[in-house]
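Structural features, examined
Listed below, chain by chain, are the residues.
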Amino acid sequence: MQATTERENRDILIQANHLKKLFAVKKNFYSRPLYVKAVDDCDFSIRKNTVFGIVGESGSGKTTLGRVILRLIEATGGAVVFDDTDLMSLSGQELRLFRRRMQIISQDPYNSLHPRKVVKKLIGEGLKIHFQLSSQEIDERVKNILTLVGLREEHMYRYPHEFSGGQRQRIAIARALVLKPEFIVLDEPTSALDVSVQAIILKMLKELKRDFALTYMLITHDLAVIDYMADDVAVMYLGQIVEMGSKDDIFSRTAHPYARLLIDSVPPPAPSEHWSGKILSGEIPSPIHVPSGCRFHPRCPQAKDICAKEEPVLSELQPGHFAKCHFPLNS
Amino acid sequence: MQGRRGDLLDISRLRVVFDTYAGQVKALNGVELWMNHGERLGVVGETGCGKSVTALSVMRLIEEPGRITGGSILFEDRDLVLLPENVLNAIRGKDIAMIFQEPVAALNPVMKVGAQIVENIECQRKSAASVQAVRKDGQASRRGAPASGNRPQGRVGTQRISSIQIMRDMLGHVGLDWQRTENLYPHELSGGMAQRVMIAMALSSRPKLLIADEPTSALDVTIQAQILNLLNSLVRETQTAVLLITHAMGVAAQFCDFIAVMYAGNVVEYGSLQAIFNNPLHPYTKGLLRAVPKIGKTDELQSIPGIVPDLIAPPGGCRFHPRCPHRRPECDKAQPRFEPAGGEAEADRHHVACFLYQRDR
């Protein structure tokens, strides 16, 4: 028994415990601050060499969660364990050494690249910081990584504005990969791209994961992208994980009514497939004044009295399949 | 040239260019599409293919440095390309209404939403009245005089009250509580609410054609489903035709009756929903459909190699030929004609612009 837990532990790259991030907002200078609960008590673990997908509506705290994990913003509470090291306890110097191992690729390839730096500088900057390399070696590595992401050597001396959206996202991927990271947060990597370009980028990300044994945390609002890429999925609502499990758990054995309605609201891109058109009424409430009890109860078609009073716990229905609901579906 | 194809809208050989310092952008290169009263046509394609320019051309909202250089846009019995501005103003918003991708940006930020909708209704009334007045007098010279100027004042008051009533009814139709909503400013609305207000405004004049330019692209899937359902029931009630512009194939597949696929300024394929999705002919349509990820079908995605061409110097012949897996020698020499695909029911209207399917090859 102990042997298996140990092995499981070795398989886990990232472990998040009770992560919390509150943002203080003030109506005016003198008023007492109110708190936006962007991420509220999230627990999850990411296995090595898998894709952990996070899906939810805008305002559910997906992006904040991704940034808290990397300590790009400081958490209000909780811990992140990256490969046996508690990231929250690291000092600035120690954290910098860890930065090489965890990278982020953000949504907007138009704003994430410095407009006045050529590609060689954009990609080479990280190399300069983390490795003591001669300029020839940097040149060599930048060239290699560019070919790897489908760009050419001559692109090295061009500026970001000379590239299309898809090419810029390739540059962002190259910039992350050149440091040989183990873990990459992909924050809506293809939402700004057209479908044909999205297909190329997603395929490439899959291949790179295989070739370099990478681990991804994929944040997106597109359930079809999650289905294509992810191994495990967490569904977020108002800062909390409401359902978590393997991809099949989420799509075929959906337990949380919110996850079910989210999946049902995607119009299938084939006229032969009937769209149930079941509709999730209302809109995501303000994360400042969260509803009592289960946060989803005002919009939930199955809500009963208890849902407004008592907050359900994230409980394990099947091994590895968690849902935060008093009355999970299919049980 | 064949005769009239759609009794509501018939766009043929429409060309639009934009003059820029870098050169002339040939944005539309002979667009062909048509629709009947009450039909729903989806225009799909990737960024920069000319979907929105086509929509703006129908409203004649192409502004400097852009201009329409050829072709015709027949709306019922009139050619919108040739109409003078004052006649167009009576059509815009009245017969053809439009909703946009960014609903909050499309609303006036310093005016309450109720007042904006009322203004729109009054505007329709005035321009309709002025066109009638011009027609009655038969004198274009009196066009400048306000048509309602010689009416008794009391009439205007009752009209305003009825406009307010229409506004409140419309807000109710789009699922908003007018008592709560009419006094809000646009920044107080969520994206979904703002799009509902836009829909209320657009449909308040009972248009014959509603142009929806990416109406749900900025919204979450759950709100998208709400808006699509709402639009669906509203236009079914009023038999309004919809020209839906979208890059989301799922939205087009679930909402439209007919689909036009655009690439680099051309409609490359046009036909019924079933024809396009079940029997795509053009290599670009096939590639596009294979690139869309679907829930439950996780087979490998296929991408289209190459990139969208620069429309200042587009490739000669078929604009898709540099990326086409079925390229033939003739493809870079002449533009393929937009022709019926043949072999299918006429009701499918399946047309394609590709040398693979031209009969006199």
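Residues numbered from 1 in each chain as written. Chains lettered and ligands numbered in written order. Predicted model: local features only at pLDDT ≥ 70, side-chain atom pairs only at ≥ 80, totals over all residues.

1. Observations concerning the overall build of chain A
Filter applied, for reference: Helix numbers and strand numbers start at the N terminus; a helix is a DSSP run of H or I with at least 4 residues, a strand a run of E with at least 2. Here the globule rule is a power law, 2.2 Å times the number of residues to the power 0.38, and the radius of gyration is based on C-alpha atoms. Put plainly, a residue is buried at 20 or more neighbouring C-beta atoms within 10 Å of its own, exposed at 12 or fewer, and partly exposed in between, counting only other residues' C-beta atoms, which are placed from the backbone. Contact between residues is assigned whenever the C-beta positions, reconstructed from backbone atoms, fall within 7 Å.
Scanning chain A from N- to C-terminus turns up eleven helices and twelve strands. Computed over C-alpha atoms, the radius of gyration of chain A comes to 21 Å, within 12% of the 20 Å expected from 2.2 N^0.38 for 331 residues, which places it in the range of a compact globule. For chain A, the spread of C-alpha atoms along the principal axes amounts to about 70 × 55 × 55 Å. Relative to its full complement of 331 residues, chain A shows a buried share of 44%. For chain A, restricting intrachain contacts to residue pairs at least 6 apart in sequence, the fraction spanning at least 24 positions comes to 65%.

2. Some remarks on the sheet that holds strand β10 (residues 240-246) of chain A
Two modes of strand pairing occur in sheets, parallel and antiparallel, and in both the strands are linked by backbone hydrogen bonds. All names here are of chain A. As a reminder, the rule being used: Any two strands with at least two DSSP-identified bridges between them are counted as paired. Under this scheme, a helix contributes an axis fitted over its contacting stretch, all axes are lines through C-alpha atoms, and angles between N-to-C directions fall in the 0 to 180 degree range.
The eight strands lie next to each other as β6-β7-β8-β3-β9-β10-β12-β11, forming an open sheet whose pairing is mixed. Of all the strands in the sheet, just β6 (102-105) and β11 (315-318) have a single pairing partner and so form its edges. Direction aside, neighbouring strands of the sheet carry axes that sit 20° apart on average. Pairing of β6 with strand β7 (residues 183-187) involves four bridges; the strand directions are parallel. Each residue of the ladder has a partner; that of Ile104, found in β7, is Val185.

3. Here's the deal with the sheet that holds strand β4 (residues 77-82) of chain A
Pairing is antiparallel across the open sheet formed by four strands, whose spatial order is β2-β1-β4-β5 (chain A). Where the open sheet ends on each side, the last strands, each with one partner, are β2 (34-47) and β5 (85-86) of chain A.

4. Some thoughts on the nonpolar core
Where we set the bar: The term nonpolar core means buried Ala, Val, Leu, Ile, Met, Phe, Trp, Tyr and Cys residues held together as one set by C-beta atoms within 7 Å. Each domain span listed reflects an automatic or database assignment of domains.
Membership of the largest hydrophobic core comes to 197 residues, with the highest contact counts inside it found for Met217, Leu218 and Val235 of chain A together with Leu243, Ala252, Val261 and Val268 of chain B. It is helix α7 (residues 191-203) of chain B that provides the largest number of residues to this core, a total of nine residues. Structurally, this core is a two-domain feature, drawing no fewer than three residues from each of domain 1 (1-95 + 209-361) and domain 2 (103-137 + 152-206) of chain B. Beyond its immediate chain neighbours, meaning those up to four positions away, Ala252 of chain B contacts Gly42, Val44, Leu244, Thr246 and Ile259 of chain B.

5. Description of the interface of chain A and chain B
For an interface, size is often stated in terms of accessible area lost upon the parts coming together. For clarity, the threshold we go by: Lys, Arg, Asp and Glu make up the charged group, whereas Ala, Val, Leu, Ile, Met, Phe, Trp, Tyr, Cys and Pro make up the nonpolar group; the residues left over, Gly among them, are polar.
At the interface, 32 residues of chain A touch 35 residues of chain B. Sort the elements by how many residues they give to the side of chain A that touches chain B and helix α7 (residues 195-212) of chain A lands first, with six residues. Of the residues in the side of chain A that touches chain B, the class split is 21 nonpolar, six polar and five charged.

6. Let's talk about the packing of α7 of chain A against helix α11 (residues 283-291) of chain B
Quick reminder of the rule: Each angle gets one of four labels, with under 35 degrees taken as roughly parallel, over 145 as roughly antiparallel, 65 to 115 as roughly perpendicular, and the rest as oblique. Left-handed is the label given to a crossing in which the near helix is rotated counterclockwise from the far helix by less than a right angle, and right-handed is the label when the rotation is clockwise.
Direction vectors running N to C along α7 of chain A and α11 of chain B enclose 50°, while the axes themselves pass 8 Å from each other. With respect to each other, α7 of chain A and α11 of chain B are oriented oblique. Considering the relative orientation of α7 of chain A and α11 of chain B, their crossing is left-handed. Residue-level inspection shows Val195, Ser196 and Ala199 of chain A of α7 of chain A in contact with α11 of chain B, the latter providing Gly287, Leu288 and Ala291 of chain B. Split by residue class, the contact of α7 of chain A with α11 of chain B holds four nonpolar, two polar and no charged.

7. Section: the environment of Phe82 of chain A
All names here are of chain A. Its place among the elements puts Phe82 in strand β4. Residue classification places Phe82 among the buried residues on the basis of 21 C-beta atoms within 10 Å. It is 11 Å that separates the C-alpha atoms of Phe82 and Arg99, two residues lying 17 residues apart in sequence. Excluding anything up to four places from it in sequence, Phe82 contacts Leu13, Ile14, Leu87, Phe98 and Met102.

8. Quick look at α7 of chain A
An α-helix turns once per 3.6 residues; consequently, residues spaced three or four apart project the same way. Test applied: The span expected for a helix works out to 1.5 Å for each residue beyond the first.
For α7 of chain A, spanning 18 residues, the distance from its first C-alpha to its last is 25 Å, which sits close to the expected 26 Å at 1.5 Å a residue. All of the buried residues in α7 of chain A are Val195, Ser196, Val197, Gln198, Ala199, Ile200, Ile201, Leu202 and Leu205 of chain A. On the buried face of α7 of chain A, the contacting elements are α6 (165-177), β7 and α8 (223-229) of chain A together with α11 of chain B. One or two steps after α7 of chain A, the chain reaches Ala213 of chain A, where phi turns positive at roughly 50°.

9. Looking at the domain arrangement of chain B
Residue and element names in this part refer to chain B. Looking at the assigned domains, one finds that chain B contains domain 1 (1-95 + 209-361) and domain 2 (103-137 + 152-206). The gap between the C-alpha centroids of domain 1 and domain 2 is 30 Å. Each partner contributes to the interface: domain 1 provides 16 residues, whereas domain 2 provides 18 residues. Put simply, the parts of the chain that give the side of domain 1 that touches domain 2 at least two residues each are α2 (85-91) and α8 (221-238).

10. Re the pairing of strand β8 (residues 215-220) of chain A
All names here are of chain A. As a reminder of what qualifies: Seen with its strands pointing away from the viewer, a crossover is right-handed when the path leading from the first strand over the helix to the second is clockwise.
Of all six residues that make up β8, six are buried, and the element is covered over most of its length. Bridge analysis of strand β3 (residues 51-55) against β8 gives five bridges, and the strand direction is parallel. Across the sheet, Val51 pairs through a bridge with Tyr216, a residue of β8. Sheet analysis places β7 next to β8, joined by five bridges and oriented parallel. Bridge pairing in β8 links Ile184 to Tyr216. In this fold, the crossover linking β7 to β8 by way of α7 has right-handed handedness.

11. Quick notes on the confidence of the model for chain B
Residue and element names in this part refer to chain B. Inclusion rule: Each residue gets a pLDDT score, which is the predictor's confidence in that residue and runs from 0 to 100.
Looking at chain B, pLDDT values average 88 and 93% of them are 70 or higher. Considering only residues more than four positions removed or in separate chains, one finds that residues 140-153, a stretch of pLDDT under 50, has twelve contacts. Interface scoring of the predicted complex returns ipTM 0.86; its pTM is 0.88.

12. Section: the environment of Gln274 of chain B
Relative to the helices and strands, Gln274 of chain B is located in helix α10 (residues 273-278). Separated by 17 residues in the primary sequence, Gln274 of chain B and Asp257 of chain B have C-alpha atoms spaced 8.5 Å apart. Setting aside residues no more than four positions away along its own chain, Gln274 of chain B makes contact with Pro271 of chain A together with Asp348 of chain B.

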